[in-house]
Amino acid sequence: MTNALRVVGPKRILASAVIGTVLALGAGCSTTPSRETTGQYFHDAAITSKIKARILEDQALEGFQIKVDTYRGHVILSGFVNRASQVREAMHIARTTPGVVSVRNDLVVKSTTGGGAGASSSSGYGS
């Protein structure tokens, strides 16, 4: 009976290759603190796309270059705007997008006095 369960020759090589591939694929799908699964990457890309589309549709934010980065559902908004109300609008859009876990505001309000780059309106994650 033990001879019936034993794999020999080319079948053994094929079985080893299949097992090795399955184990490698399983390890590749696991996450580490610094890596995303392929599924999470696409989920984050979808969140980023939805936020960017909503920002482009918003009349108050039209023409501004607001960068959106997403990692595991955590969104970071960065770039320059003219008014604090535009920061609030961009934050609202990001917060109300499905799948968003938190939003970090790195948007900078341009100085209207012409004296520099302006003050940051950063308020951190979960704001």
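All values reported here derive from a predicted model rather than from experimental measurement.

Quick word on helix 3 (residues 38-57)
Okay, so step 1: Look at helix 3: 29 Å from first C-alpha to last across 20 residues, which is about the 28 Å you get at 1.5 Å a residue.
Okay, so step 2: Within the sequence span of helix 3, burial applies to D44, I47, T48, I51 and I55. Buried residues of helix 3, viewed axially, fall in a sector of 95°; they line one side. Looking at helix 3, the residues exposed on the side facing more than 90 degrees away from the buried face are T38, F42, L56 and E57.

Observations regarding the pattern of salt bridges
Okay, so step 1: According to the stated counting rule, one finds two salt bridges in the structure shown.
Okay, so step 2: Note that D69 and K67 form a salt bridge whose closest N and O atoms lie 3.8 Å from each other.
Okay, so step 3: Classification of D69 as partly exposed rests on a relative accessible area of 33%.
Okay, so step 4: Take K67: its relative accessible area is 49%, and that puts it in the partly exposed class.
Okay, so step 5: Of the charged contacts in the structure, one is a salt bridge between R104 and D106, with a shortest N-O distance of 2.9 Å.
Okay, so step 6: The partly exposed category is assigned to D106, whose relative accessible area is 25%.

Some remarks on the nonpolar core
Okay, so step 1: Of all hydrophobic cores here, the largest spans 19 residues; its most connected members are I51, I55, I66, V75, L77 and V103.
Okay, so step 2: Among the elements that line this core, the one with the most residues is helix 4 (residues 84-95), at five residues.

Examining the packing of aromatic side chains
Okay, so step 1: Applying the stated criterion across every chain yields a total of one aromatic pair.
Okay, so step 2: Seen in terms of ring centroids, Y41 and F42 are 5.5 Å apart; in terms of plane orientation they differ by 75°. Their pairing is edge-to-face.
Okay, so step 3: Residue classification places F42 among the exposed residues on the basis of a relative accessible area of 55%.

A look at the confidence of the model for the chain
Okay, so step 1: Scored by pLDDT, the chain comes out at a mean of 76, with 61% of its residues at no less than 70.
Okay, so step 2: Note that residues 22-32 has pLDDT below 50 and, in this model, seven contacts with residues that lie over four places away or in other chains.

What about the sheet that holds strand 2 (residues 74-81)?
Okay, so step 1: Spatial ordering of the open sheet is given by 1-2-3, a layout of three strands whose pairing is mixed. Among the strands making up the open sheet, the edge pair consists of strand 1 (66-71) and strand 3 (102-109). Mean inter-strand twist for the sheet, computed between neighbouring axes without regard to direction, equals 10°.
Okay, so step 2: Sheet topology places strand 2 next to strand 3; eight bridges connect them, and they run parallel. From the neighbouring strand, V75 faces strand 3, where its bridge partner is V103.
Okay, so step 3: Sheet strands in contact with helix 3 are strand 1 and strand 2, and its direction is about 155° off that of strand 1.

Calculation rules
- Residues numbered from 1 in each chain as written.
- Predicted model: local features only at pLDDT ≥ 70, side-chain atom pairs only at ≥ 80, totals over all residues.
- Heavy atoms only, no water.
- Helix = DSSP H or I, 4+ residues; strand = E, 2+ residues; numbered from the N terminus.
- Expected span 1.5 Å × (residues − 1).
- Buried < 20%, exposed > 50% of the residue type's maximum accessible area, 1.4 Å probe, protein only.
- Arc of directions from axis to C-beta.
- Salt bridge = Lys/Arg side-chain N within 4 Å of Asp/Glu carboxyl O.
- Core = buried A, V, L, I, M, F, W, Y, C linked by side-chain atoms within 4.5 Å.
- Phe/Tyr/Trp six-rings, centres within 6.5 Å; stacked < 30°, edge-to-face > 60°.
- pLDDT = per-residue confidence, 0-100.
- Contact = heavy atoms within 4.5 Å.
- Pairing = 2+ DSSP bridges.
- Axes fitted to C-alpha atoms, helices over the stretch in contact; angles between N-to-C directions.

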